[in-house]
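# Structural description and commentary
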Amino acid sequence: MSPPLLLIRSLLVRVPSRFWLWAFATALAVDLAAISFGADAVRWASKPALTLLLLGYLIIATPPGLRPARLFGLGLLLACAADIALLVDGTVAFLVGMGLFGFMQITYFVVFIRLGALPILRRRWMIPGGYLVVWLVANVVLWPRLEALAVPVAVYSLLLVAMAAAASGLGRFAAAGGLLFVVSDLLLGLGVAGIELPLQDQAVMTTYAAAQLLLVLGTIKALPATPPPGPGAH
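Residues numbered from 1 in each chain as written. Predicted model: local features only at pLDDT ≥ 70, side-chain atom pairs only at ≥ 80, totals over all residues. Heavy atoms only, no water.

## A look at the side chain of Gln 212
Here Gln 212 shows up in helix α10 (residues 200–222). In contact with Gln 212, other than residues within four places in its own chain, are Thr 51, Leu 54, Leu 76, Ala 79, Met 104, Tyr 108 and Phe 181. (Helix = DSSP H or I, 4+ residues; strand = E, 2+ residues; numbered from the N terminus. Contact = heavy atoms within 4.5 Å.)

## Let's talk about the packing of aromatic side chains
All chains considered together, the criterion is met by 7 aromatic pairs. Measuring from ring centre to ring centre gives 6.4 Å for Phe 72 and Phe 112, while their planes differ by 45 degrees; the resulting arrangement is tilted. Here Phe 72, found in helix α4 (residues 67–85), pairs with Phe 112, found in helix α5 (residues 91–114); they are 40 residues apart in sequence, far enough to count as distant. By the burial criterion, Phe 72 is buried, and Phe 112 matches it. Pairing Phe 181 with Tyr 208 gives two aromatic rings, centres 5.6 Å apart and planes at 85 degrees, and the pair type is edge-to-face. (Phe/Tyr/Trp six-rings, centres within 6.5 Å; stacked < 30°, edge-to-face > 60°. Buried < 20%, exposed > 50% of the residue type's maximum accessible area, 1.4 Å probe, protein only.)

## So, the nonpolar core
Grouped together as the largest cluster of nonpolar side chains are 62 residues, with contacts concentrated most on Phe 72, Phe 112, Phe 181 and Leu 215. Residue contributions to this core peak at 10 residues, all from helix α8 (residues 150–167). Beyond its immediate chain neighbours, meaning those up to four positions away, Phe 72 contacts Leu 58, Tyr 108, Val 111, Phe 112, Leu 215, Val 216 and Thr 219. (Core = buried A, V, L, I, M, F, W, Y, C linked by side-chain atoms within 4.5 Å.)

## What to know about the UniProt feature "transmembrane region" (unreviewed entry) in the chain
When the UniProt feature table is mapped onto this chain numbering, "transmembrane region" (unreviewed entry) sits at residues 48–66, 94–113, 125–143, 149–166 and 173–195. Between the C-alpha atoms that bound residues 125–143 the distance is 27 Å, and the span itself is 95% helix and 0% strand. For the annotated span residues 149–166, helix accounts for 94% and strand for 0% of the residues, and the straight-line distance between the end C-alpha atoms is 26 Å. (UniProt positions renumbered as here; feature names shortened; annotations may be inferred.)

## Brief notes about the packing of helix α7 (residues 126–146) against helix α9 (residues 172–192)
Remark: α7 packs on α9, axes separated minimally by 10 Å, with the N-to-C direction vectors making an angle of 10 degrees. In this view, α7 runs roughly parallel relative to α9, as classed from their interaxial angle. Seen from above, α7 lies across α9 with left-handed handedness. When α7 is examined against α9, the residues Tyr 131, Ala 138, Leu 142 and Leu 146 are found in contact with a partner set consisting of Ala 175, Gly 178, Leu 179, Val 182, Leu 186, Gly 189, Leu 190 and Val 192. (Axes fitted to C-alpha atoms, helices over the stretch in contact; angles between N-to-C directions. Parallel < 35°, antiparallel > 145°, perpendicular 65-115°, else oblique. Left-handed = near helix turned anticlockwise from the far one by under 90°.)

Given below as structure tokens:
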């Protein structure tokens, strides 16, 4: 790990782990309140804070030098950038945000496969099969309503269900996180398609935040206790 990263880590680990989780819960409560009361300016701080606080927790909860943890941290940064993009109105900003989330899904997927999810999925093939059915049905139903966004949404949602299926191979926390991510984006997709539900925006953020938290916890649990030895180690 480079000296600047070591310095950042040394500063972060001085903060108790429970602080990051309580701060995360507080940021979520503030964001939900901002949604409910139309305080859009507040969300420029509260929404990106969610993944940044989880990143801080990930850093202090894992030993240095674990590549899957670093890669997952990159995914959280991509999610943070996507959250910011989606705060901007307009189709272009929406596509940028969806693209960033797509890269996040790929990053998470790679992490889960590296942590050993694939052999478990081969034995539990009905899980990825079920997610594929959900993807197909959702896109068939929403396709006529999405118009120009139909193809990008179909591509992104395929990455989403692939990530969720891979997450199911890491244990209960990650599996629940992957499922909640699908629920969150399905609710968001309904809104994009013009199908409005009561407290829809609040439900999207609640399930999204819970999904990210559970994916972080599941990934931490699946990580090895120490980094693998380098090429020259005996």
